[in-house]
Amino acid sequence: METPLVSIITPTFNSEKYIADTLVSVQQQSYSNWEMILVDDGSTDNTTQIISAFLEKDDRIKLYTLQKNSGAGVARNEAIQMAKGRYIAFLDSDDLWRPIKLQRQVDFMISQNQPFAFSFYDCIDEVGNALHKRVEAPKTLTYTQLFFCNFVGNLTGIYDVTYFGKIPISGIRKRQDWMVWLTVLKKIRKAKPIQESLAFYRVRNNSISASKLTLLQHNFAVYRLFHKLNVVVSLLCMVGFLGTQLLLKPRYCKQIKQ
């Protein structure tokens, strides 16, 4: 099996509590041909010092800094422009990967001749304890389904640069990942997830995504800015989004034993 380079894109901001664990989860990958590009978004804690200690011992890890806090989208875009890999993967600075994550996905993409891969993932709390919750996705995910609900966990997604090019990231503060996967599905129309959990998403109490009202505001911005829909149509899309969240999404959030 081929072993093309995977570029891992990681924005950081005041992540000193979690970044070491995130870096270790990448270093523990059974697939070793990767580069990890971290772009720090103006941290005021010890985030960059912790990363520096890692990159002194592992030249696959690279750190760049922004002059001012600009948001994760801008940081991701900077990292993507510097990426050298055939594949681009995303991992936020507080999330984790299982050791087999990259190997499973690269093998899948090459053997199935697929330009995109994603998987299920599990949820952990702020200190890393299991929440016994697994987030799955439809066995065949269509563009229409993704239009009304982001079924792709950003920490699981990988795309092939030779097929899509480098997909630009929006500068809006949240939901840029949804726009990336919408761009992917708009071109390939449907995708099948790898039906196992390959990552751990950290649920943080103070995160923007923890606020349902704020999340809805960002989703509305996607319909207005990315899809370029007028206000009325965007509001109608939000009705569809809410219906999906209430009626369909719960089917894919499973309680599990760990």
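Everything here concerns the structure above.
Each value, and the rule that gives it
- Residues numbered from 1 in each chain as written.
- Predicted model: local features only at pLDDT ≥ 70, side-chain atom pairs only at ≥ 80, totals over all residues.
- Heavy atoms only, no water.
- Salt bridge = Lys/Arg side-chain N within 4 Å of Asp/Glu carboxyl O.
- Helix = DSSP H or I, 4+ residues; strand = E, 2+ residues; numbered from the N terminus.
- Buried < 20%, exposed > 50% of the residue type's maximum accessible area, 1.4 Å probe, protein only.
- Phe/Tyr/Trp six-rings, centres within 6.5 Å; stacked < 30°, edge-to-face > 60°.
- Lys NZ or Arg CZ within 6 Å of the ring centre and 35° of its normal.
- Contact = heavy atoms within 4.5 Å.
- Pairing = 2+ DSSP bridges.
- Right-handed = clockwise from strand over helix to strand, strands pointing away.
- Axes fitted to C-alpha atoms, helices over the stretch in contact; angles between N-to-C directions.

A.B. asks: Explanation requested: the pattern of salt bridges in the structure shown.
C.D. replies: Oppositely charged side chains are able to pair whenever their charged atoms sit close together. Summed over all chains, the structure comprises ten salt bridges. In this structure, Arg 104 and Glu 196 form a salt bridge, with 2.7 Å as the shortest nitrogen-oxygen distance. Of this pair, Arg 104 sits in helix α4 (residues 101-111) while Glu 196 sits in strand β12 (residues 194-202), placing them 92 residues apart in sequence. Accessibility expressed as a relative area gives 39% for Arg 104, which makes it partly exposed. Using a relative accessible area of 27% as the deciding quantity, one classes Glu 196 as partly exposed.

A.B. asks: Sorry if this is basic, but what is going on with the packing of aromatic side chains here?
C.D. replies: Aromatic rings considered in pairs are described by the distance between their centres and by the relative angle of their planes. Tallied over the entire structure, the rule returns 14 aromatic pairs. Ring centres of Phe 90 and Tyr 159 lie 6.4 Å apart, and the angle between their planes is 35°; on these two criteria the pair is classed as tilted. Placement of Phe 90 in strand β4 (residues 87-90) and of Tyr 159 in strand β10 (residues 158-160) is noted, with a sequence separation of 69 residues between them. The exposure classification of Phe 90 matches that of Tyr 159, with both residues buried. For the ring pair Tyr 121 and Tyr 201, a centre distance of 6.1 Å and an interplane angle of 65° mean the geometry is edge-to-face. A residue pair is termed long-range when its members are at least 10 positions apart, and Tyr 121 in strand β7 (residues 119-124) and Tyr 201 in strand β12 qualify at 80 residues. A residue is classified by how much of its surface remains accessible, and Tyr 201, at 27% relative accessible area, is partly exposed. Taken together, Phe 90, Phe 116, Phe 118, Tyr 159, Tyr 163, Phe 164 and Trp 181 form an aromatic cluster joined through their ring pairs. Sitting above the plane of the Phe 151 ring, Lys 249 keeps its charged end 6.0 Å from the centroid.

A.B. asks: Honestly, the environment of Ile 194 in this entry has me stumped. Any pointers?
C.D. replies: Tracing the sequence through the fold places Ile 194 in strand β12. According to the relative accessible area criterion, Ile 194 is buried, its value standing at 10%. Separated by 76 residues in sequence, Ile 194 and Phe 118 place their C-alpha atoms 6.2 Å apart. Apart from the residues lying within four places of it in its own chain, the contact partners of Ile 194 are Arg 104, Gln 105, Phe 108, Phe 118, Ser 119 and Phe 120.

A.B. asks: Is there a simple way to explain the pairing of strand β3 (residues 61-65) in this structure?
C.D. replies: Side-chain direction in a regular strand flips from residue to residue, so the side chains alternate between the two faces of the sheet. In this structure, strand β2 (residues 34-40) lies alongside β3, joined through five bridges in parallel fashion. Bridge pairing in β3 places Leu 38 opposite Leu 63. Between β2 and its parallel partner β3, the chain crosses via helix α2 (residues 47-55), and the hand of that crossover is right-handed.

A.B. asks: Could you clarify how one ought to interpret the sheet that holds β4 in this entry?
C.D. replies: Sheet strands pair by backbone hydrogen bonding; their relative direction is either parallel or antiparallel. The six strands lie next to each other as β3-β2-β1-β4-β10-β6, forming an open sheet whose pairing is mixed. The sheet is open, and its two borders are formed by β3 and β6 (116-117), each paired with just one other strand. Here β4 runs beside β10; their pairing, made up of three bridges, is antiparallel. Note on β10: the bridge partner recorded for Ile 88 is Tyr 159. Sheet strands touched by α2: β1 (6-12), β2 and β3. Its angle to β3, the strand with the most contacts, is close to 150°.

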